[in-house]
Amino acid sequence: KSKAKPNGKKPASEEKKLYLEPEYTRVRVTDFEFKQLVALPQEIDLNEWMASNITTFFNHINLQYSTISEFCTGETCQTMAACNTQYYWYDERGKKIKCTAPQYIDFVMSSVQKLVTDEDVFPTKYGREFPSSFDVLVKKICRYLFHVVAHIYSAHFKEIVAMELHGHLNSLFIHFLLFVREFNLLDPKETAILDDLSEMLFSEDSREAAGATGGAQNHVKER
């Protein structure tokens, strides 16, 4: 349970979360309906659809992190944490490793890069088959990528706002979350630490949709 620190200051998990402020949650970079983007198109192989989208999410999340990487150091982020959750890396032998956030994220990006460029895992040539373990690997990748996004929101959202990139981050997170929910790629317990944010983002979308169809809301989105 969360308890106040001896100096009277609230733990980080209880402090005001900047990313939940309405002035930031309403910002997007597009008006597109994301649910249309995640649905499996007719006559498209499921694994092909997975491979295409996962590779895109990896590239965009890697790019998003690169914008704040100079602020994510071994001194500022001594553990890989998001909200009140700390993540540990497990090596190939299953050994638990406590590392700084930049070390953990480097492990994530390096391992995912290795997978998405491996022709035996993410085949790009005609006639090549996806491995039987493809679904398991995709879920593993999604779990790692979620950890990175969660860390950006919880530890570096101030820098994201300063660079006016919160609309990009919100749009990316909505798209990613809808995709993993559509295909059951992440356990809801895994994403629970950002449930308050996802509820805000999706309710914001619902209000704006009501306004667009003649509802009482007449909201103009920031750009």
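Under an unreviewed UniProt entry, the name given to the protein chain is MOB kinase activator 2, and the organism recorded is Staurois parvus.

Looking at the element boundaries, Leu197 is found in helix 8 (residues 195–212). For the pair Leu197 and Tyr153, spaced 44 residues apart in sequence, the C-alpha to C-alpha distance is 9.4 Å. If sequence neighbours within four positions are ignored, Leu197 has contacts with Tyr19, Leu20, Thr25, Tyr153 and Phe173.

Moving on: the nonpolar core. Counting 63 residues, the largest nonpolar core has Phe146, Tyr153, Phe173, Phe179 and Leu194 as the members making the most contacts within it. When contributions to this core are tallied by element, the ones reaching two or more residues are helix 2 (34–38), helix 3 (46–66), strand 1 (80–82), helix 4 (101–116), helix 5 (134–162), helix 6 (166–182) and helix 8. A per-element tally of this core places helix 5 first, with 16 residues. If we skip the residues at most four places from it in the chain, Tyr153 touches Tyr19, Leu169, Asn170, Phe173, Leu194, Leu197 and Leu201.

Below, the discussion takes up the environment of Phe157. Structurally, the position occupied by Phe157 is in helix 5. Not counting residues within four places of it along the chain, the set of residues in contact with Phe157 comprises Leu18, Tyr19, Tyr24, Ile152, His166 and Leu169.

Another point: the packing of aromatic side chains. As enumerated under the stated definition, the model contains 15 aromatic pairs in all. Note on Tyr153 and Phe173: the rings are 5.5 Å apart at their centroids and 65° apart in plane angle, and the pair reads as edge-to-face. Residue Tyr153 is found in helix 5, and its partner Phe173 is found in helix 6; the two are separated by 20 residues along the sequence. Taking relative accessible area as the criterion, Tyr153 reaches 1% and is therefore assigned buried. Phe173 gets classed as buried once you look at its relative accessible area, which sits at 2%. A network of ring pairs unites the aromatic residues Tyr19, Tyr24, Phe146, Tyr153, Phe157 and Phe173 as a single cluster. The cationic tip of Lys96 hangs over the ring face of Tyr88; the distance from NZ or CZ to the ring centre is 4.2 Å.

Throughout the structure, instances matching the rule amount to four salt bridges. Here Lys17 and Asp196 are joined by a salt bridge, their closest N and O atoms 2.9 Å apart. Note that Lys17 is positioned in the segment before helix 1 (22–25) and Asp196 in helix 8, a separation of 179 residues in sequence. Residue class for Lys17 comes out partly exposed when judged on its relative accessible area of 22%. The salt bridge partner of Asp120 is Arg128, with a shortest N-O separation of 2.7 Å. Exposure remark for Arg128: the relative accessible area of 36% places this residue in the partly exposed category.

All right, on to the packing of helix 3 against helix 5 then. Orientation of helix 3 relative to helix 5, taken along the N-to-C sense of each, is 25°, at an axis distance of 10 Å. Classified by the angle their axes make, helix 3 and helix 5 are roughly parallel. When you trace helix 3 past helix 5, the crossing you get is left-handed. Residues Asn47, Met50, Ala51, Ile54, Phe57, Phe58, Ile61, Gln64 and Tyr65 of helix 3 form the contact with helix 5, whose participating residues are Phe134, Val138, Ile141, Cys142, Leu145, Val148, Val149, Ile152 and Ile160.

A separate point is helix 6. Taking 1.5 Å of rise per residue, the 17 residues of helix 6 would be expected to cover 24 Å, and the 24 Å separating its terminal C-alpha atoms lies within 8% of that figure. The first or second residue beyond helix 6 is Asn184, which carries a positive phi of 50°.

What counts, and where the lines are drawn
Residues numbered from 1 in each chain as written. Predicted model: local features only at pLDDT ≥ 70, side-chain atom pairs only at ≥ 80, totals over all residues. Heavy atoms only, no water. Helix = DSSP H or I, 4+ residues; strand = E, 2+ residues; numbered from the N terminus. Contact = heavy atoms within 4.5 Å. Core = buried A, V, L, I, M, F, W, Y, C linked by side-chain atoms within 4.5 Å. Buried < 20%, exposed > 50% of the residue type's maximum accessible area, 1.4 Å probe, protein only. Phe/Tyr/Trp six-rings, centres within 6.5 Å; stacked < 30°, edge-to-face > 60°. Lys NZ or Arg CZ within 6 Å of the ring centre and 35° of its normal. Salt bridge = Lys/Arg side-chain N within 4 Å of Asp/Glu carboxyl O. Axes fitted to C-alpha atoms, helices over the stretch in contact; angles between N-to-C directions. Parallel < 35°, antiparallel > 145°, perpendicular 65-115°, else oblique. Left-handed = near helix turned anticlockwise from the far one by under 90°. Expected span 1.5 Å × (residues − 1).

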